[in-house]
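# Analysis of the macromolecular model
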Amino acid sequence: MAGIYFWILAALTVLASLGVVLQRNPMYSVLLLIVSFGALSGLYITLNAPFVAAIQIIIYAGAIMVLFLFVVMLLNVPTEDPPHGYHARLLGGAGPRWFGAVLALVLVGELIYALSHLRATPLPGGNGNTASIYQIGLTLFREYAFAFEVTSVLILLAMVGAVILARKES
Amino acid sequence: MAINSYFIAQLALIGFTFFMLLNSAAVMVYFERKIAAWAQQRYGPHLVGPAGMLQPIADIVKLMFKEELRPKAADSFLFYLAPILCATAAFAAFSVVPFGAETTFFGLLDKPIGLEVTDVNVAVLVIFAITSMGVYGIVLAGWASNSKYSLLGGLRSSAQMISYELSYGLSLASIIMLAGTLSLRGIVDAQAGYWFGFIPKWFVFIQPLGFFIFMTAGVAETNRAPFDFPEAEQELVAGYHTEYSSMTFALFFMAEYINMVTVSAVATDLFLGGWHGPFLPAYLGWIWFLVKIAALLFFYIWMRWTLPRYRYDQLMEFGWKWLLPLAVLNLLVTAAVVLKAGW
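## Focus: the overall build of chain A
- The number of helices and strands found in chain A is seven helices and zero strands.
- Ordered by position in the sequence, the α and β elements of chain A form the string α-α-α-α-α-α-α.
- Relative to its 170 residues, chain A shows a buried fraction of 14%.
- Considering only contacts in chain A between residues 6 or more positions apart, those separated by 24 or more positions represent 49%.

Next comes the structure, spelled out in structure tokens:
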């Protein structure tokens, strides 16, 4: 039974993610990304991790995507236009497109190589009990305390960078 | 046999909750208009039925027979998806709110079941997640209508959501720390009993600041005055639902009132001890629950007809510069006390 749920949710995630990049209306891209996050959250529930599922919806689908939607609405671009002017000469010709295709093929090759040579080593620590928030808290702040703190520093750096980039020169 | 009766009881509970929520919108509209009239020294609705009590029914019938209009340039799919999203999120959020002690329905069931649609062990987060989905209905309505007033309403709604969701979540976190559980039923049960024999152990007495932050953010989340910027009629005609008519408009209207009921119900469960109260036996606890919700809803309406709307920049400043630091402070102090005193 859980297998059926997995395949439905996994297919939904992949299809929605493809939709995000394949159609040109940015509004629908944002909405499809929300659908994809929702399906991911469903996958977490099938993995018996309701806390992670709820957090996924609250943080990604709820907070971050509202921000995305806000920006898309503020700019109000109906569709993504193909490049024109200087950018068209630089990116629009046949040469750059072939170059892009070759790069994409290299990337796919690399991915296949990496995935086929994957040695499955489980992460250290963690007893796999993701249902209890108490356990998640203990694991997060004991075994993974360093990774957790480093991530927060990384986010802080991104924030400082964004502020510097957005700052007006007085 | 036992499974069957539980199944029927659960179905009855779902139907009951749905029916009550549906009607709460109509009842709320009536009381809103009556209280507004009282605040402004008017009569309010008084012609249809005794004391105008059938007015909501007349309103609904009128709305049903109105023409359904859609602007030509509107995005038809999203235009109709938006009200559905809004209403669905409003109903779904109530599904994890418990409203009474466990009961066997006067011995009809062998084992008692809780008065709620479903008990989830992360109920607080589920409510939070579903209400954060509801805002997409408003934002999409604003965008899909292809009208500048609607778009401004939708933009304001998303900005407001981002500013107030943080304080909302942080005020919840301090309650979760005190109760030590994310289940709403668990949180309510943690508030049973009395201090010194007469003060109820409600979290509002140890978390007055948290209650204030929760209610303020709740008003902002439900787009009610004095924070009703997404639909400020003096500036934006009707904001995000300007272009909607007939039943699609009614869905937005209903969703707004149901959201008010949900915020009041969650506030009752989190801060006011849910169905626990003096004088009444445990099986009549749901009366306490209704009384508390009614008091909070009256407060909501009272506030709307008493306070003028803030200016938009004041709303943003209040959210980020006052409410959020206060919520963080509240959380830190609560955490320190819980850690030291081992609550």
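## Quick notes on the interface of chain A and chain B
- Each partner contributes to the interface: chain A provides 17 residues, whereas chain B provides 21 residues.
- Per element, the largest residue contribution to the side of chain A that touches chain B is 15 residues, and it comes from helix α3 (residues 50-75) of chain A.
- Partitioned by chemical class, the residues of the side of chain A that touches chain B number 16 nonpolar, one polar and no charged.

## Things to note about the domain arrangement of chain A
- When the domains of chain A are assigned, the result is domain 1 (1-79) and domain 2 (132-170).
- Inter-centroid distance (C-alpha atoms) of domain 1 of chain A to domain 2 of chain A is 23 Å.

## Remarks on the environment of Val120 of chain B
- By the secondary structure assignment, Val120 of chain B is in the loop between β2 (113-115) and α4 (123-144).
- Residue Val120 of chain B is classed as partly exposed on the basis of its C-beta count, with 19 C-beta atoms lying within 10 Å.
- For the pair Val120 of chain B and Val97 of chain B, spaced 23 residues apart in sequence, the C-alpha to C-alpha distance is 9.6 Å.
- Among residues more than four places away in sequence, those in contact with Val120 of chain B are Pro50 of chain A together with Val96 and Val126 of chain B.

## Examining unusual backbone geometry
All names here are of chain B.
- The backbone of Gln41 shows a phi angle near 55°, a positive value even though the residue is not glycine.
- Within the secondary structure, Gln41 sits in the loop between α1 (2-39) and α2 (55-65).
- For Gln41, a count of 6 C-beta atoms within 10 Å translates into the label exposed.

## Things to note about the packing of helix α5 (residues 148-179) of chain B against helix α8 (residues 208-221) of chain B
Residues and elements named next belong to chain B.
- It is at 9 Å that the axes of α5 and α8 come closest, and there the two elements cross at 150°. Comparing the axis directions of α5 and α8 gives the class roughly antiparallel. Of the two elements, α5 crosses α8, and the hand of that crossing is left-handed. Across the interface between the two elements, Gln160, Tyr164, Ser167, Tyr168, Ser171, Ser174 and Ile175 from α5 touch Gly210, Ile213, Phe214, Ala217, Ala220 and Glu221 from α8.

## A look at the nonpolar core
- Of all hydrophobic cores here, the largest spans 107 residues; its most connected members are Cys86, Val124, Leu125, Val126, Ile127, Ala129 and Met254 of chain B.
- Broken down by element, this core gets its largest block of residues, 17 residues, from α4 of chain B.
- If we skip the residues at most four places from it in the chain, Leu125 of chain B touches Ala54, Ile55 and Ile58 of chain A together with Leu182 of chain B.

## With respect to the packing of helix α10 (residues 246-271) of chain B against helix α11 (residues 285-304) of chain B
Residue and element names in this part refer to chain B.
- At their nearest, the axes of α10 and α11 sit 9 Å apart, and the two run at 125° to each other. The orientation of α10 with respect to α11, classified from their angle, is oblique. As α10 runs across α11, the sense of the crossing is right-handed. The segment α10 lies against α11, with Met260, Val261, Ser264, Ala265, Ala267 and Thr268 engaging Phe289, Lys292, Ile293, Leu296, Leu297 and Tyr300.
- Of the residues contributing to the contact of α10 with α11, the split by class is nine nonpolar, two polar and one charged.

Rules behind the numbers
- Along every chain, residues carry numbers that run from 1 in the direction the sequence is written.
- Labels are handed out in written order, letters beginning with A for the chains and numbers beginning with 1 for the ligands.
- Given that the model is predicted, a residue must reach a pLDDT of at least 70 before its local features are reported, and side-chain atom pairs must reach 80 or more before they are shown or counted; all residues, however, enter totals for whole chains, interfaces and linings.
- The secondary structure listing takes helices from DSSP runs of H or I that are at least 4 residues long and strands from runs of E that are at least 2 residues long, numbered from the N terminus.
- Counts of 20 or more other C-beta atoms within 10 Å of a residue's own C-beta define buried residues, counts of 12 or fewer define exposed ones, and intermediate counts define partly exposed ones; C-beta atoms are placed from the backbone.
- Contact between two residues is assigned whenever their backbone-derived C-beta positions fall within 7 Å.
- As a working rule, the residues Ala, Val, Leu, Ile, Met, Phe, Trp, Tyr, Cys and Pro are called nonpolar, Asp, Glu, Lys and Arg charged, and the rest polar, with Gly in that last group.
- Those domain boundaries reflect an automatic or database domain assignment.
- The angle between two axes is taken between their N-to-C directions and runs from 0 to 180 degrees, where each axis is a line fitted to C-alpha atoms and a helix contributes only its stretch in contact.
- Each angle receives one of four descriptions, namely roughly parallel if under 35 degrees, roughly antiparallel if over 145, roughly perpendicular if within 65 to 115, and oblique otherwise.
- Handedness of each helix crossing follows the sense of rotation of the near helix against the far helix: counterclockwise by less than a right angle gives left-handed, clockwise gives right-handed.
- Under the definition applied here, buried Ala, Val, Leu, Ile, Met, Phe, Trp, Tyr and Cys residues are grouped into a nonpolar core through C-beta atoms within 7 Å.

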